[in-house]
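Examining the three-dimensional arrangement
Chain residues, written in single-letter form:
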Amino acid sequence: MTAAEPRKKDVEAVSEVIQRIATGDFSAKVPLSNRGDAFDAVAMGINLLGEEIQAYRIEKEEHERDLTDMLEGLKKSKEESEKARKELKESEERFRRIAETSIDFIFQIDKKGRFIYCSPSVEKILGLKPEEIAGTNLQDYFMPSDFMKAFDRFKEVLSGRNVGLFDMILLNNRGAEVQLELSAVPIVEDEQITGLQGIARDITEYKKTEMELKEREELYSSLTQAVMDAIITIGDEGKITYWNEGAEKVFGYAADEAVGRVATKLVVPEQFRAKMDEEFEKFFETGESPLINTITEAAAQHKNGNEFPMELSLAPVRIKGRWHAVGVARDITERKRSEEELKKYTENLEREVKERTNEVIQSEKMSSLGQLVAGVAHEINNPMAYLKTNTEFLEDNLKDLEKICGEKGQPLFEEMRELIDSNMDGINRVTTITKTLRRFARPDDKGKVVSDVNEGLKDTLVIVHNRLKHRIEVHEEYGDIPRLACNVGQLNQVFMNLIMNSSQAMDEGDIWLKTWNDHENVYVQVRDNGKGIPEEKLREVFNPFYTTKAEGTGLGLSLSYRIVQAHGGDIIAESEIGEGTTMTVKIPVEVNE
Amino acid sequence: MSIDSTDEPITEIEKDNSGVVHLKYRPNSSVTLETAVKDIQETARIGAGKKVPVVVNLTGLKSVSRDARRYYSGEETAKYVSAAALVADSPVSRVLGNFFLGIDKPPMPIRLFSSEEKAREWLTQFIE
Ligand SMILES: Nc1ncnc2c1ncn2[C@@H]1O[C@H](COP(=O)(O)OP(=O)(O)O)[C@@H](O)[C@H]1O
Ligand SMILES: [Mg+2]
C-alpha cells in the first residue's frame, strides 16, 4: 500500500470527522495511526484545525456575548437617560406650571443680569409681558437709589452665598415703585454658576398698609397721650375728622356735633378766624405751618360762647398721601388763674420781704438814733403844742395887763414881751426840729416821692449836729442837683450812717459833704480825714454784722447799701489808712421801677 | 492520562556552549498549558535575566494543547525568549509546527526548521 492509495478505513475516519466538524462538533478528532505518515499529518492537521475553529468559535461567542452585554448596557443607559430626560421635562413642566400660575414673579437671569426666564406674573408687577422682558437686563428696572443695595445682594448670590430674603425696589412701566421681597439661588451648570433664579413677591401694598398702620399707630399713640386734652384731627377743607372726649369737655361740642364741621368756625373766636383759616390753608398745601411742632397760646371759643385761653400744638400727619393736622388743645384757664395766683403770691412775698427789710432798717434806725427820732419827736410835739398855745395866751394876757396898768409898768412889760417873743422863737425852733426829725425818720414812707436830696442831707445834718459840734467841722458844698424820685427817709438814713461813721472814725477833724450830678446820676459824697479803712476790708464793710466798734451793730453800711441798691444806685468806698475815707453814693436820675 | 511533572518531567531543557537553549520532549508526550508554563519558567531561570534563543524539538510529540501553543508563542514567553526555532523532521510535527507559528503575529521571531543544525545556525544571530 502506497501513500497515493489511502486505506479505506483511514479515509472513512477522516471523512467522518470532517462531517462532524462541518455540523459543528469541533470536539471530533481523527485517531492517529502513530505511523507518523502522511495520514497522521493530515489527521493532526484536521484535529488542530478543529481545535482552532472551536477556540475561534468560543472566542466569537464570548465576543458576541460581550457585544450583546454592551448593547444591552447601551440600551439600558439610553432608556435611563430617556427616563431622566422625561423626568427632567416633567419637573421642568411642573416648575413652569408653577411659575406660570404663580402670583409671585419667578425669574432666571444670567450672570450679566439678563432675563432668561420670566413668569407671566411679571406683567402684574412691571406692567410688561414676559416676551417684552426677555433679553432685557434686570438693571433696567431698578430704582436708582435702591440699585447698589440689591446689586450687592445679587452679587452675593452669584458667589454662592445664601442671603435669605431681601428687598428690592423696581420701577414698573409707568415709573411707579414696586417693592419686592425675594429670595434667589444660583443656577449651577457643570459645577459653574451661570446665573441665578429668584422668586419675588410684590409687597408694595403690604408696605403701604404697614406704613399706614404705622401712621395710624403714631396717630393713636399721640391721641392716647392725654385724654384730658382736646385732640382733634383736621382734614381737607379744614373739616374736623376726629374729636375726642377731651375736645368735648374743652369746647363743649359732642363729637357728632363737631365732626365734619370746619374747625376754625367752631372753636376759633371770630376776630382770629381769618388768620387761622389762612394758616390752615397753607398747611394743607405744604404740610408746613408756624403752628406746627410748637406750642402756641391762642384764644378759643366754647360752645356756650365763652372765650378762654388755650394752648395749641399742631402736628402734621400724612394719611393716604394727604396732610392732616392733629391738634392738641388744652384749656389753660385754670393754669392762667394759678399763674396769676402764683404771681400774686410772689408779689405778696416780695412785699412782705420789703416790709421786713423796712422793719430791720427801722430797727437799725432806732438803735442808732435811740428814741431820738420816733419817740422824742412825737413826745415833744404835744408839749410844744400846748407851750405855744400857752405862750400865745400869755402874750394876749400881757396886752390886757398893759391896758390895765398903764404907763407905770411899761419897762416890766417890755421885758416880759421880749421873754415871750424869745419863748415863741424857741418854741418855733423846737417845732422846726421836731418837724425835721419826723421828716427825717418818715417811717411811714411807703413809696418814692420826688424830693430834694440836698434838703435831705441838710435835715440829716440837723439831726446829727449835736454829735459833731466842737469836735468836727462840716464843710458843705451842694450842687444844683435835680430832684429825685426817692424814698427820702431811707436816703436820709444812708446819709446819717455815713456821717456818723465818719465822725466815729476820728476824735477831731473834718467832714466834707458834697453833691453834684451828671447826665445819669446824682452823687452824694461824704468824705472825712479819719483813720481810714484797710484796703482788704474795703469790701467787707458792706457785709452785715461787720464792725470794728465795741457798740457797733455792723448793719449800718449793709443796710445803706441795700437802700441805695433799691434806688438803682451804688455806694463807692475809697479809703487810705491815716488819710481818710470817701463814701460816694450814686443814684440814677431816672429810676426805673 | 496524567503525568506527574515533578517526578517525571516530559521536557528536557539544556543550554549548549553557544548559549542556545534546547527543549526536547519525551516521545509520545502530550504538552499541556501546565508543561508550557513550567518550561518557560525554567528557560527564564537559565537565561538569568537575559533573553535566550530557544530550539524546540517537536519530534515525537503526540499533541500540544491549544492554550499551551498560545502560551509558547505569546507575550509571556517573549519576555525571556529572544527567538524560537522549531524543529520538525516529520510530516506530523511539521503540521504541529505550523500551528505553533500561530494565526496571529507572534511577538518574537519564530521559524520552522527541518533539522537542529539549521535551527541553531539561524538562532546564532539572536545570541546576546
Ligand atoms: N468813714 C469810715 N472810716 C473808717 N472806718 C469806717 C468808716 N465807715 C465804716 N467804717 C468801718 O466799717 C465798719 C462797718 O460800719 P457799719 O456797717 O456802719 O457798722 P458799725 O458802724 O455799726 O460798725 C465799721 O465798724 C468801721 O470799721
Ligand atoms: Mg455805722
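A brief look at the structure comes next. (Residues numbered from 1 in each chain as written. Chains lettered and ligands numbered in written order. Predicted model: local features only at pLDDT ≥ 70, side-chain atom pairs only at ≥ 80, totals over all residues. Heavy atoms only, no water.)

**What to know about the overall build of chain B**
Of the regular secondary structure elements, chain B holds five helices and seven strands. Within chain B, the proportion of its 128 residues that are buried is 48%. Expressed as a percentage of contacts within chain B between residues at least 6 apart in sequence, the contacts between residues at least 24 apart total 77%. Here chain B has roughly 6,800 Å² of accessible surface; of this, 50% comes from carbon and sulfur atoms. (Helix = DSSP H or I, 4+ residues; strand = E, 2+ residues; numbered from the N terminus. Buried < 20%, exposed > 50% of the residue type's maximum accessible area, 1.4 Å probe, protein only. Contact = heavy atoms within 4.5 Å. Areas by Shrake-Rupley, 256 points an atom, 1.4 Å probe, with all protein chains shown as cover.)

**Considering the pattern of salt bridges**
In this structure the tally under the stated criterion is 30 salt bridges over all chains. The partner of lysine 29 of chain A in a salt bridge is glutamate 51 of chain A, and the shortest N-O contact between them spans 3.7 Å. With lysine 29 of chain A in the loop between helix H1 (8–22) and helix H2 (38–101) and glutamate 51 of chain A in helix H2, this pair connects stretches of sequence that are 22 residues apart. Classification of lysine 29 of chain A as partly exposed rests on a relative accessible area of 40%. Arginine 66 of chain B serves as the salt-bridge partner of glutamate 52 of chain A, at 3.0 Å between the closest nitrogen and oxygen. You can see glutamate 52 of chain A sitting in helix H2 and its partner arginine 66 of chain B sitting in helix H2 (residues 66–72), one on each of two chains. Residue class for glutamate 52 of chain A comes out buried when judged on its relative accessible area of 9%. (Salt bridge = Lys/Arg side-chain N within 4 Å of Asp/Glu carboxyl O.)

**Considering the sheet that holds strand S16 (residues 570–576) of chain A**
Two pairing modes exist for strands in a sheet, parallel and antiparallel, and in both the strands are linked by backbone hydrogen bonds. All names here are of chain A. Here five strands make up an open sheet; going across it, the order is S12-S14-S15-S17-S16 and the pairing mixed. A single partner strand is all that each edge strand has here, and the edge strands are strand S12 (472–477) and S16. The sheet shows a mean angle of 15° between the axes of neighbouring strands, direction not considered. Bridging between S12 and strand S14 (residues 509–517) involves six bridges; their strand directions are parallel. Within the sheet, the bridge partner assigned to valine 474 lies in S14 and is isoleucine 511. (Pairing = 2+ DSSP bridges. Axes fitted to C-alpha atoms, helices over the stretch in contact; angles between N-to-C directions.)

**Section: the pairing of strand S17 (residues 580–588) of chain A**
Residues and elements named next belong to chain A. Burial analysis of S17 places eight of its nine residues in the buried class, the great majority of the element. In the sheet, strand S15 (residues 521–528) pairs with S17 via eight bridges, with the strands oriented antiparallel. Across the sheet, residue arginine 527 finds its bridge partner in S17, namely threonine 582. Sheet topology note: the S16/S17 ladder contains seven bridges and is antiparallel. Its bridge partner being in S17, alanine 573 is matched across the sheet by methionine 583. Connecting S16 to the next strand, S17, in antiparallel fashion are three residues, including glycine 578 with a positive phi near 80°.

**As for the site of ligand 1**
Residues and elements named next belong to chain A. With respect to spatial proximity, 17 residues lie near ligand 1, and among them Asn501, Thr547, Thr548, Lys549 and Leu557 are the closest. Take threonine 547: an N or O atom from its side chain is 2.5 Å from an oxygen atom of ligand 1. The contact in question runs from an oxygen atom of ligand 1 to an N or O atom on the side chain of lysine 549, over 2.7 Å. About the coverage of ligand 1: the protein hides 94% of its 530 Å² of free accessible area. (Near = heavy atom within 4 Å. Polar contact = N/O pair within 3.5 Å; in protein donor to acceptor, adjacent residues only side chain to side chain.)

**Some words on the sheet that holds strand S7 (residues 240–243) of chain A**
Residues and elements named next belong to chain A. Strand order in the open sheet made by the five strands is S7-S6-S10-S9-S8, with antiparallel pairing throughout. Each of the sheet's edge strands pairs with one partner strand only, and the pair in question is S7 and strand S8 (295–301). Averaged over neighbouring strand pairs, the angle between their axes works out to 35° when direction is ignored. Two elements, strand S9 (residues 307–319) and strand S10 (residues 322–331), share 10 bridges in a ladder whose sense is antiparallel. Along S10, the bridge assignment pairs arginine 318 with tryptophan 323. With respect to the sheet, helix H10 (residues 270–286) is in contact with strand S6 (230–234), S8, S9 and S10, its orientation differing from that of S10 by roughly 145°.

**A short note on the interface of chain B and chain A**
Each partner contributes to the interface: chain B provides 13 residues, whereas chain A provides 13 residues. Both sides of the chain B and chain A interface together cover about 1,100 Å² of buried area, and 65% of this is carbon and sulfur. Ranking the residues of chain B by area buried against chain A places Arg66, Val92 and Phe99 of chain B at the top, with a combined share of 48%. Measuring nitrogen to oxygen at the nearest pair gives 3.5 Å for the salt bridge that ties glutamate 51 of chain A to arginine 69 of chain B. Summed over the shared surface of chain B and chain A, the result is four residue pairs in polar contact (both at pLDDT 80 or more). Among the elements of the structure, H2 and helix H4 (91–101) of chain B are those that each provide at least two residues to the side of chain B that touches chain A. (Buried area = accessible area lost by both parts, 1.4 Å probe.)

**So, the pairing of strand S2 (residues 115–118) of chain A**
All names here are of chain A. Strand direction decides the pairing type here: strand S1 (residues 105–110) and S2, joined by three bridges, are antiparallel. When the bridges of S2 are listed, glutamine 108 appears paired with tyrosine 117. Here S1 folds back onto S2 in antiparallel fashion, the turn holding four residues, of which glycine 113 has a positive phi close to 95°.

**A word on the nonpolar core**
Counting 36 residues, the largest nonpolar core has Ile499, Met583 and Val585 of chain A as the members making the most contacts within it. Elements that contribute at least two residues to this core include exactly helix H14 (453–468), strand S13 (484–486), helix H15 (488–504), S14, S15, helix H16 (556–566), S16 and S17 of chain A. Counting residues per element, this core draws most heavily on H15 of chain A, which supplies eight residues. Once residues within four sequence positions are removed from consideration, valine 585 of chain A is found in contact with Val494, Leu498, Val522, Tyr523, Val524, Val564, Asp570 and Ile571 of chain A. In this structure, Leu48 of chain A together with Val31, Tyr72 and Ala78 of chain B belong to the second largest nonpolar core, which totals 31 residues. (Core = buried A, V, L, I, M, F, W, Y, C linked by side-chain atoms within 4.5 Å.)

**Let's talk about helix H5 (residues 144–158) of chain A**
If you check H5 of chain A, its first and last C-alpha atoms are 21 Å apart, about what 15 residues at 1.5 Å a residue would give, namely 21 Å. Buried residues of H5 of chain A: Asp146, Ala150, Phe154, Val157 and Leu158 of chain A, and no others. (Expected span 1.5 Å × (residues − 1).)

**Brief notes about H14 of chain A**
All names here are of chain A. Counted at 1.5 Å a residue, the expected span for H14 with its 16 residues is 22 Å, and the 21 Å between its end C-alpha atoms agrees. Maximum bend of H14: about 40°, positioned at valine 462. Its side-chain oxygen at 2.9 Å from the backbone nitrogen of asparagine 454, aspartate 452 defines the N-terminal cap of H14. At the C-terminal side of H14, histidine 470 shows a positive phi close to 75°. (Bend = angle between axes of the 7 residues up to and from the residue.)

**What to know about the side chain of threonine 460 of chain A**
Tracing the chain through its elements places threonine 460 of chain A in helix H14. Of note is the side chain of threonine 460 of chain A, whose polar atom sits 2.7 Å from the backbone oxygen of glycine 456 of chain A.

**What to know about the environment of asparagine 172 of chain A**
All names here are of chain A. Within the secondary structure, asparagine 172 is located in the loop between strand S3 (166–171) and strand S4 (177–189). In this structure, the C-alpha to C-alpha distance between asparagine 172 and valine 122, residues 50 residues apart in sequence, is 9.8 Å. The contacts of asparagine 172, once residues within four sequence positions are left out, are Ile125, Leu126 and Val178. Of the polar contacts made by the side chain of asparagine 172, one reaches the backbone nitrogen of alanine 176; its length is 2.9 Å.

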